[in-house]
Amino acid sequence: MDLALLYSGGKDSSLAALLLDTFYDVTLVTAHFGVTDDWEHARDAALELGYAFETLELDGDVAHDAAEQMVEDGYPRNGIQRVHEHALEAVCQLDFDAIADGTRRDDRVPSISRAQAQSIEDRHGVDYLSPLSGFGRGAVDRLVDSHLRVETGPSEEIPKADYEGELRALIAEEHGAEAVAEVFPEHVQSYVHGRRE
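What comes next is a walk through the structure. What you see is a predicted model, and the numbers here were worked out from it, not measured in a lab.

Some thoughts on helix 4 (residues 77–91)
In this model, helix 4 (15 residues) spans 21 Å end to end at C-alpha, consistent with the 21 Å of a helix rising 1.5 Å per residue. Among the residues of helix 4, those classed as buried are Gly-79, Ile-80, Gln-81, Val-83, His-84, Ala-87, Leu-88, Ala-90 and Val-91.

Listed below in structure tokens is the structure:
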């Protein structure tokens, strides 16, 4: 069966791919808005891992609305959640039997509730999988350390292709760099450089 995994090039979505490829033909799909070329980081990570890769361009209005919501809220949570839900809906339009993401048990955002997962499956005739939903951060970190080569560091310095980079760019363009710093707390990101031998 063919599965599309929303992919950022980070450790969570990369580990999800490793867990799923025993059962599915996995294609890593990076959803983006065309604001930056950050999607290329995910493509490079996918090639290092040996998976098929596709991009999916999302509705730019969703990005602008999410960015404005983040500035209004003063934090990224609701905007990121909105973009993730939009990306899942969009990837359902592709020709796959199943879709997945790299959300973990302890993630606050993005997260998909049981009701949302069932709705996606019922409306689109696909299986929705969240293979890390039973894994806490410690378990994920231990598995990643033993199977993947990963670079970590401050979010603004690590190459990545998650939604955050493009949303940061939109906020900076509309509201200035100071607004980006006000919206996004300092946090660590990861980028995968391939499998461990």
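Remarks on unusual backbone geometry
Backbone torsion omega between Val-109 and Pro-110 reads -10°, so that peptide bond is classified as cis. By the element assignment, Pro-110 lies in the loop between strand 4 (98–100) and helix 5 (114–124).

Regarding the nonpolar core
Judged by nonpolar contacts, the single largest core of 34 residues is most densely connected at Ile-99, Leu-167 and Ile-171. Among the secondary structure elements, those contributing two or more residues to this core are strand 1 (2–6), strand 2 (25–32), helix 3 (60–73), helix 4, helix 5, helix 7 (163–175) and helix 8 (177–183). Among the elements that take part in this core, helix 4 stands out by supplying 6 residues, more than any other. Among residues more than four places away in sequence, those in contact with Ile-99 are Ala-4, Leu-88, Val-91, Cys-92, Ile-120, Val-126, Asp-127, Tyr-128 and Leu-129. Core analysis: the second largest hydrophobic core is formed by 26 residues, Val-26, Ala-42, Ile-158 and Val-192 among them.

Notes on the packing of aromatic side chains
Tallying each qualifying case throughout the model produces 0 aromatic pairs. If you follow Arg-168 out to its NZ or CZ, it ends over the ring of Phe-184, 4.7 Å from the centre.

Brief notes about the pairing of strand 2
A large share of strand 2 lies buried, amounting to 7 of its 8 residues. Note that strand 1 and strand 2 share 5 bridges and pair parallel. Bridge assignment links Leu-3 to a residue of strand 2, and that residue is Val-26. Each parallel crossover has a hand, and the one from strand 1 via helix 1 (residues 11–20) to strand 2 is right-handed. Where strand 2 meets strand 3 (residues 52–57), 6 bridges bridge the pair, whose relative direction is parallel.

Structural notes on the packing of helix 4 against helix 7
For the pair helix 4 and helix 7, the least separation of the axes is 11 Å and the interaxial angle reads 125°. Classed by the angle they form, the pair helix 4 and helix 7 counts as oblique. For the element pair helix 4 and helix 7, the recorded crossing hand is right-handed. Residues Ile-80, Val-83, His-84 and Ala-87 of helix 4 lie in contact with helix 7, whose contacting residues are Tyr-163, Glu-164 and Leu-167. For the contact of helix 4 with helix 7, a count of residues per class yields 5 nonpolar, 1 polar and 1 charged.

Quick look at the sheet that holds strand 3
Spatially, 3-2-1-4-5 is the arrangement adopted by the 5 strands of the open sheet, whose pairing is parallel. Of all the strands in the sheet, the pair left with one neighbour each is strand 3 and strand 5 (127–129). Each adjacent strand pair in this sheet contributes to an overall mean axis angle of 25°, direction not counted. Direction of pairing for strand 1 relative to strand 4: parallel, over a ladder of 3 bridges. Opposite Leu-3, over in strand 4, you have Ala-98 as the bridge partner. Packing against the sheet, helix 1 makes contact with strand 1, strand 2, strand 4 and strand 5, and its axis sits at approximately 165° to strand 1. Together, strand 2 and strand 3 form the strand contacts of helix 2 (residues 39–49), whose direction differs from that of strand 3 by roughly 165°.

Definitions and limits used
- Residues numbered from 1 in each chain as written.
- Predicted model: local features only at pLDDT ≥ 70, side-chain atom pairs only at ≥ 80, totals over all residues.
- Heavy atoms only, no water.
- Helix = DSSP H or I, 4+ residues; strand = E, 2+ residues; numbered from the N terminus.
- Expected span 1.5 Å × (residues − 1).
- Buried < 20%, exposed > 50% of the residue type's maximum accessible area, 1.4 Å probe, protein only.
- Core = buried A, V, L, I, M, F, W, Y, C linked by side-chain atoms within 4.5 Å.
- Contact = heavy atoms within 4.5 Å.
- Phe/Tyr/Trp six-rings, centres within 6.5 Å; stacked < 30°, edge-to-face > 60°.
- Lys NZ or Arg CZ within 6 Å of the ring centre and 35° of its normal.
- Pairing = 2+ DSSP bridges.
- Right-handed = clockwise from strand over helix to strand, strands pointing away.
- Axes fitted to C-alpha atoms, helices over the stretch in contact; angles between N-to-C directions.
- Parallel < 35°, antiparallel > 145°, perpendicular 65-115°, else oblique.
- Left-handed = near helix turned anticlockwise from the far one by under 90°.
- Nonpolar A, V, L, I, M, F, W, Y, C, P; charged D, E, K, R; others polar.

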